[in-house]
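Reading the structure
Letter by letter, the chains look like this.
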Amino acid sequence: MAFSVSHQHKLVKTSASTKSNVCSQILRPSACHVSKHLQVSCISENSPLTITRRSSVSCKAVTVEKQSAQAQTKQQNEYEIFTLTTWLFKLEKQGTINNELAVVISSIALACKQIASLVNRAGISNLTGVAGAQNVQGEDQKKLDVVSNEVFKNCLSTSGRTGILASEEEDFPVAVDIADAYSGNYIVCFDPLDGSSNIDAGISVGSIWGVYEPSEECPMDAHDDANKLMEQCVVNVCQPGKDLAAAGYCLYSSSTIMVLSVGTGVFGFTLDPMIGEFVLTHKDVKIPEVGKIYSFNEGNNDLWDESVQEYIKSLKSPEKWDGKPYSSRYIGSLVGDFHRTLLYGGIYGYPGDKKNKNGKLRLLYECAPMSYLAEQAGGLGSTGTTRVLDVVPEAVHQRVPLFVGSKKEVEYLESFTKKSK
Ligand SMILES: O=P(O)(O)OC[C@H]1O[C@](O)(COP(=O)(O)O)[C@@H](O)[C@@H]1O
């Protein structure tokens, strides 16, 4: 017996060949064997057609209503996007973070969006070249170093959730007007524009940041005199990386990607220029345990400690690696080199050397945030002898050697550097 559905929703007898058509129109393709045991009922012209199972036939009964609901949800899903804001809200609802931290991270995202457009248009808006001043590290500040620093400070201080800001471009930590801060008092350490030596060549650069809770040992007291206040700021800023409440970076490259962690794994959000929102693109990133890519500025090789030279030499010996030595990749921008290492595996290193025993990179706003992310992704961050996150800073702009990346690669490096100590 065969069926067809007419506009009047009543069943009429038809030829065998249309049997399957009828089924597929009404029922899902996978349930395409229909038997005479189906019951078709419809209450009125406007009510949906319902086909119910008369007995144990293989096809699942579905209501047209359900279908349209499914279609609706599918359409909704298609347009539903998971943004950084949605992610923060979800974490807040779960109690993983509090509203204050969510607001601080949102204000950092706002700063990064602004810097992304400034970097993109640097050549057009005469923002390439030097600013004509040096920062506390004795580096010639790029115009975009100065502008990015202002952007970060503005976004963070106007968030109403920060108490102290420590920047690569500021000699001393900046106390946000704590008297009027009505909640939060988070401490943010940041490198507003890392790898800025690459700016004028249009090569990838980034911003790096770490957020700390206020130190219980040294509460900030707005009534103290300026010197006392500065002391309190420095003490509050100089916290070990293991106490980070959140850390991240934003890569300004072929796309703008914000990668961060609040202690529940590493997530990446790509800026969609069409809607100006960071959209979730990298969920719970895990750094590969091994990776045959090393990222060192080998130009300094002869200045390095012998143990590091031995280590680099071992990576290049084909015999040691079944005829396939490690590949060398070095952009000269920590954010770019770290981002590749996070996704592909391998190791990034900036060792100390005969000139600078502790290398070039700053603990608070470069090494600690990157090591925090590496550990959250299953990797490691080492000074060669110590876990970076255990190092207690003695000064705001303190430098430490950095070796960060895949767990097995950093352990292999340490097998050389720990031996020589
Ligand atoms: O040119 P070098 O000595 O290899 O140093 C490059 C490293 O220095 C940095 O540019 C330091 O950062 P800044 O640009 O913030 O000073 C890193 O991004 C990069 O990995």
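Everything numeric here is computed off the predicted structure, so don't read it as measured data.

Looking now at the site of the ligand. Residues in close proximity to the ligand total 18 residues, the closest being Asp194, Asn297, Tyr330, Leu334 and Tyr350. One nitrogen or oxygen atom from the main chain of Gly195 is found 2.8 Å from an oxygen atom belonging to the ligand. Here an oxygen atom of the ligand sits 3.0 Å away from a polar atom, N or O, in the side chain of Lys360. The pocket occupied by the ligand, as judged from atoms lying within 2 Å of grid points, is the largest pocket. Listing elements by their share of the shell around the ligand, those giving two or more residues are β9 (186-194) and β17 (347-350). Looking at the shell around the ligand, its residues break down into 6 nonpolar, 5 polar and 7 charged. Counting residues domain by domain, the shell around the ligand receives three or more from each of domain 2 (84-285) and domain 3 (293-417).

The next thing to look at is the pairing of strand β19 (residues 402-405). Here β19 shows a buried face lined by Leu402 and Val404 and a second buried face lined by Phe403 and Gly405. Taken together, the 3 bridges between strand β18 (residues 380-382) and β19 define a ladder with antiparallel strand orientation. Looking at β19, one finds that Gly381 is bridged to Val404.

Quick look at helix α8 (residues 334-344) now. By the criterion of burial, α8 is predominantly enclosed, with 9 of the 11 residues buried. When α8 is considered as a whole, its buried residues turn out to be Leu334, Val335, Gly336, Asp337, Phe338, His339, Arg340, Thr341 and Leu342. Immediately downstream of α8, the backbone of Gly345 shows phi near 90°, a positive value.

Across the sheet, which stays open at both edges, the 8 strands sit in the order β8-β7-β9-β10-β11-β12-β13-β14 with mixed pairing between neighbours. Two strands close off the open sheet at either side, each with one partner strand: β8 (174-175) and β14 (277-282). Examined bridge by bridge, strand β11 (residues 244-252) and strand β12 (residues 256-261) share 6 bridges and lie antiparallel to one another. Bridge assignment links Cys250 to a residue of β12, and that residue is Met258.

Attention shifts here to the pairing of strand β13 (residues 267-272). Burial analysis of β13 places 5 of its 6 residues in the buried class, the great majority of the element. Summarising the sheet, β12 and β13 pair through 4 bridges and their orientation is antiparallel. Of the residues in β13, the one forming a bridge with Met258 is Phe269. Counted along the chain from β12 to the antiparallel partner β13, the turn is 5 residues long, and its residue Gly263 has a positive phi close to 100°. Pairing between β13 and β14: 5 bridges, direction antiparallel. Paired with Gly268 across the two strands is His282, which belongs to β14. Linking β13 to β14, which pair antiparallel, is a turn of 4 residues; within it Gly276 sits at a positive phi near 70°.

Quick notes on the rules
- Residues numbered from 1 in each chain as written.
- Predicted model: local features only at pLDDT ≥ 70, side-chain atom pairs only at ≥ 80, totals over all residues.
- Heavy atoms only, no water.
- Near = heavy atom within 4 Å.
- Polar contact = N/O pair within 3.5 Å; in protein donor to acceptor, adjacent residues only side chain to side chain.
- 1 Å grid on protein atoms, 1.4 Å probe; cavity = no way out; pocket = protein on both sides within 12 Å on 5 of 7 lines; lining within 4 Å.
- Sits in = over half its atoms within 2 Å of the grid points.
- Helix = DSSP H or I, 4+ residues; strand = E, 2+ residues; numbered from the N terminus.
- Nonpolar A, V, L, I, M, F, W, Y, C, P; charged D, E, K, R; others polar.
- Domains from an automatic or database assignment.
- Buried < 20%, exposed > 50% of the residue type's maximum accessible area, 1.4 Å probe, protein only.
- Pairing = 2+ DSSP bridges.

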